[in-house]
Amino acid sequence: SSAQIGVTGLAVMGRNLARNFARNGYTVAVHNRTPSKMRALVEEFGGEGEFVPAETPEELVAALERPRRVMIMVKAGDPTDAVIQEFAPLLEPGDMIIDGGNAHFADTRRRERELRERGIHFVGTGVSGGEEGALHGPSIMPGGSAEAYASLGPMLEKISAKAADGAPCVTHVGADGAGHFVKMVHNGIEYADMQLIGEAYQLLRDVAGYTPAQIADIFRTWNTGRLDSYLIEITAEVLSHVDARTGRPFVDVVLDQAEQKGTGRWTVQIALDLGVPVSGIAEAVFARSLSGHAGLREASRGLAGPSARPLGEKEAAAFADRVEQALYASKIVSYTQGFHEIAAGGEEYGWDIDEGAVAAIWRGGCIIRAVFLDRIRSAYDARPDLPSLLADKGFADEIAAAQDDWRAVLVAAVQQGVPTPGFSAALAYYDALRADRLPAALTQGQRDYFGAHTYKRTDTEGTFHTLWGGDRSEVEA
Ligand code: NDP
């Protein structure tokens, strides 16, 4: 029994994580329900490090040093429960089960509780970066106990991505489901980022009249500045790609119906439960679902729109600069919303989440990695109790500088009939937060009128009701 870690579930993610551990000098016991995948891994990549092939769960467990660390990389949901049930009876108090799948954090909380009763540490761990990340260094978001992290953390730090300053992209996020919660919000932010980039592309195409290849160049330029990020980089790659079959831009031959696996939807569902306005993420989820309603879109194709007025060459270049401002400002808002959800989740579930540390581990390895995250980290480092990213002077100043262009872009979008739900939701959030007065006062009046739901006053303490059906005098409720 000499392996430091066992990995069960050797599809793309598990296989690459196992290889990553082995390449970093760890002895890795490997197991898969269908053993042929395990044998193929050892045959193909056995030369990369020390693997211990295990045909059965018993063999995997027998191969591990104590405390045992069993990492599960199988399909999220019922399969994860099935595999936990298989392994838990083979383990002893002090051993660890690490779930690196995309579990819902509520499931992780339940599993952690059940296994804790048996003395087994359950470490629900977010892993981001896709299969390449798993192999070369993902961003890792582990939850679970501090005791488990003390034993597991150094290994995760070794295999994780490293930020530009060399810091490993892993931190102990918090107890039980905190890691999977933060991974969920990461994916929600990823949805919003992708939606905002999509809107920028559509505006450059429809309002400015640029071709996909020209837009790819614009994104490449943006990628040398404050928007420098993995998603902007791959956007340029996708936009410049030409379809071999037709010779047309690849983006023009792909069916425009976006799919989703559910983590964006979870982010919004939980935000609704927590009462956190993540309007940008919600619009991104809705935009994907709208795109998929083929029948509804077909039935709506004849609806009237404005007459398009494409810009001249000079105007187009100026417009592109404005779109960059709008994209950046909207991005600040969408991260503001995502971090609000993380703070609210931490409050609700009693996790002591360090938002700055979360921003720091997203700087490398994961899909939303970006120079921008360093700024967020600094904002939280400067002020750990920052109530909102918009309260950071640096971000507030940048939005102040961007807002005229942001508004102008939205005016153009509305006039030309280009849908920009992400940009619009971000601006509405910004304008609502900075408003002196909101129509919520009117809402309260309406609620009091039809349902005697009462209201508070700006000028005095207490709860009041107006006798709307009577003489309209005010009574204390
Ligand atoms: P899949 O989600 O496609 O899962 C396939 C693996 O699950 C196989 O090893 C399969 O075994 C095993 N499995 C399925 N059902 C059972 C069961 N009932 N009992 C035992 N084993 C079972 O694999 P991925 O590698 O894509 O993802 C693994 C996990 O990582 C998932 O939870 C996923 O959400 C998450 N993830 C994936 C990312 C990605 O980019 N793909 C990124 C980050 C996380 P068998 O070979 O026998 O069928």
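Keep in mind the model is a prediction, meaning the values are calculated, not measured. Residue numbers run consecutively from 1 along every chain, following the written order of its sequence. Selection of residues for local features in this predicted model requires a pLDDT of at least 70, selection of side-chain atom pairs for listing and counting requires 80 or more, and totals for whole chains, interfaces and linings are taken over all residues. For side-chain calculations, the full set of non-hydrogen atoms in the structure is used, while hydrogens and water are omitted.

### As for the pattern of salt bridges
We define a salt bridge as a contact between a side-chain nitrogen of Lys or Arg and a carboxyl oxygen of Asp or Glu at a distance within 4 Å. Inspection of every chain in the model, using the stated rule, returns 33 salt bridges. The shortest N-O distance in the salt bridge between Asp81 and Arg110 comes to 3.1 Å. A residue pair is termed long-range when its members are at least 10 positions apart, and Asp81 in helix α4 (residues 78-87) and Arg110 in helix α5 (residues 105-117) qualify at 29 residues. In this structure, Arg383 and Asp385 form a salt bridge, with 3.4 Å as the shortest nitrogen-oxygen distance. It is possible to trace a salt-bridge network through shared partners that takes in Asp81, Asp99, Asp107, Arg110, Arg111 and Glu114. By the criteria applied, helices consist of DSSP H or I runs no shorter than four residues and strands consist of E runs no shorter than two, each listed in order from the N terminus.

### Remarks on the layout of surface pockets
With a 1 Å grid spanning the protein atoms alone, the term cavity applies to any set of points in which a 1.4 Å probe fits but cannot get out, the term pocket to an open set with protein on both sides within 12 Å along at least five of seven lines, and the term lining residue to any residue with an atom within 4 Å of a point. Grid points are joined across faces, edges and corners, and a volume is the space filled by probe spheres set on the points. Empty space within the largest pocket amounts to approximately 1,900 Å³. Along the walls of the largest pocket sit 43 residues, with Gly198, Tyr201, Gln202, Asp256 and Ser291 positioned nearest its centre. Listed by contribution, the elements that provide at least two residues to the lining of the largest pocket are α8 (178-206), α10 (230-240), α11 (250-253), α13 (279-292) and α14 (294-300). In terms of residue count, the dominant contributor to the lining of the largest pocket is α8 (10 residues). Looking at the lining of the largest pocket, its residues break down into 24 nonpolar, 10 polar and nine charged. Here the second largest pocket is characterised by a volume of approximately 1,400 Å³. Around the second largest pocket, the lining comprises 41 residues; the ones closest to its centre are Met13, Val74, Lys75, Asn102 and Lys261. Counting residues per element, the ones that place at least two in the lining of the second largest pocket are α1 (12-23), α4, β6 (121-128), α8 and α12 (263-274). At six residues, the largest contribution of residues to the lining of the second largest pocket is made by α8. When residues are sorted by character, Ala, Val, Leu, Ile, Met, Phe, Trp, Tyr, Cys and Pro go into the nonpolar class, Asp, Glu, Lys and Arg into the charged class, and all the rest, Gly among them, into the polar class.

### Observations regarding the nonpolar core
Definition of nonpolar core: a set of buried residues of the types Ala, Val, Leu, Ile, Met, Phe, Trp, Tyr and Cys, connected through side-chain atoms within 4.5 Å. Exposure classes here rest on a 1.4 Å probe applied to the protein chains alone. A residue is buried below 20% of its type maximum, exposed above 50%, and partly exposed in between. With 89 residues, the main nonpolar core has Phe219, Phe339, Trp362, Ile376, Trp406 and Phe423 as its most contacted residues. Contact definition: two residues touch when any of their heavy atoms are within 4.5 Å. Once residues within four sequence positions are removed from consideration, Phe219 is found in contact with Ile197, Ala200, Tyr201, Leu204, Ile232, Thr235, Ala236 and Leu239. Ranked by size, the runner-up nonpolar core spans 28 residues in total, among them Leu17, Leu41, Ile98 and Val170.

### So, the environment of Phe464
With respect to the helices, strands and loops of the structure, Phe464 is situated in strand β8 (residues 464-466). Exposure remark for Phe464: the relative accessible area of 8% places this residue in the buried category. Residues Phe464 and Val475, 11 residues apart in the sequence, show an inter-C-alpha distance of 5.8 Å. With residues near it in sequence (within four places) discarded, Phe464 still touches Asp448, Thr454, Tyr455, Arg457, Glu474, Val475, Glu476 and Ala477.

### Describing the sheet that holds strand β5 (residues 96-99)
Pairing between two strands requires that DSSP report at least two bridges joining them. Read across the sheet, seven strands follow the order β3-β2-β1-β4-β5-β6-β7 without closing on themselves; strand pairing throughout is mixed. On the outer flanks of this sheet lie β3 (51-53) and β7 (139-142), each paired with one strand and no other. In this sheet, adjacent strand axes meet at a mean angle of 25 degrees when their direction is disregarded. One ladder, built from four bridges, connects β6 with β7; its direction is antiparallel. Each residue of the ladder has a partner; that of Thr125, found in β7, is Pro142. Between the N-to-C directions of two axes lies an angle of 0 to 180 degrees, each axis being a line fitted to C-alpha atoms and, for a helix, fitted only over the stretch in contact. Packed onto the sheet, α1 meets β1 (5-8), β2 (28-31), β3, β4 (69-72) and β6 and runs at close to 165 degrees relative to β2. Lying on the sheet, α5 is in contact with β5 and β6; it crosses β6 at an angle near 155 degrees.

### Quick word on the site of the ligand
Think of it this way: one heavy atom of a residue within 4 Å of a molecule or strand is enough to make that residue near it. The ligand sits among 19 residues. The nearest are Met13, Asn32, Thr34, Lys37 and Val74. In the model, an oxygen atom of the ligand is placed 2.9 Å from a nitrogen or oxygen of the Arg33 side chain. Separating an oxygen atom of the ligand from a backbone N or O atom of Asn102 is a distance of 3.2 Å. Among the detected pockets, the ligand sits in the second largest pocket. Elements represented by at least two residues in the shell around the ligand include exactly α1 and α4. We call two N or O atoms a polar contact when they sit within 3.5 Å, provided that within protein one can donate a hydrogen and the other can accept it, with sequence-adjacent residues counted only if both atoms are side-chain atoms. To decide whether a molecule occupies a pocket or cavity, check its atoms: if more than half lie within 2 Å of the grid points, it is inside.

### Quick notes on the state of the cysteines
For this text, the term disulfide refers to a pair of cysteine sulfurs within 2.5 Å. On inspection of all chains with the given rule, the structure shows zero disulfides. Free of any disulfide, Cys169 has its nearest neighbouring cysteine sulfur in Cys366, separated by 7.2 Å.

### What about the confidence of the model for the chain?
In this model, the chain carries a mean pLDDT of 97, and residues with pLDDT of at least 70 account for 100%. Confidence metrics for the complex model read pTM 0.97 and ipTM 0.98. pLDDT is a residue-level measure of predictor confidence that goes from 0 to 100.

### Looking at the side chain of Asp81
Overall, the relative accessible area of 17% leaves Asp81 in the buried class. Non-local contacts of Asp81, meaning those with residues more than four positions away in its chain, are made with Arg110 and Arg111.

### Concerning the side chain of Arg288
Its location among the elements puts Arg288 in helix α13. We note that Arg288 is buried and unpaired, the nearest opposite charge coming from Glu190 at a distance of 5.4 Å. Excluding its chain neighbours within four sequence positions, the residues that come into contact with Arg288 are Tyr191, Met194, Ala258, Glu259 and Gln260. Positive charges come from Lys and Arg alone, negative charges from Asp and Glu alone, with His and the N- and C-terminal ends not counted.

### A word on α12
The end-to-end C-alpha separation of α12 is 16 Å, in line with the 16 Å expected for 12 residues at 1.5 Å each. Every buried residue belonging to α12 is among Thr263, Gly264, Trp266, Thr267, Val268, Ile270 and Ala271, and all of these are buried. Once α12 ends, the next one or two residues include Gly275, with phi positive near 70 degrees. An expected span of 1.5 Å times one less than the residue number is assigned to each helix.

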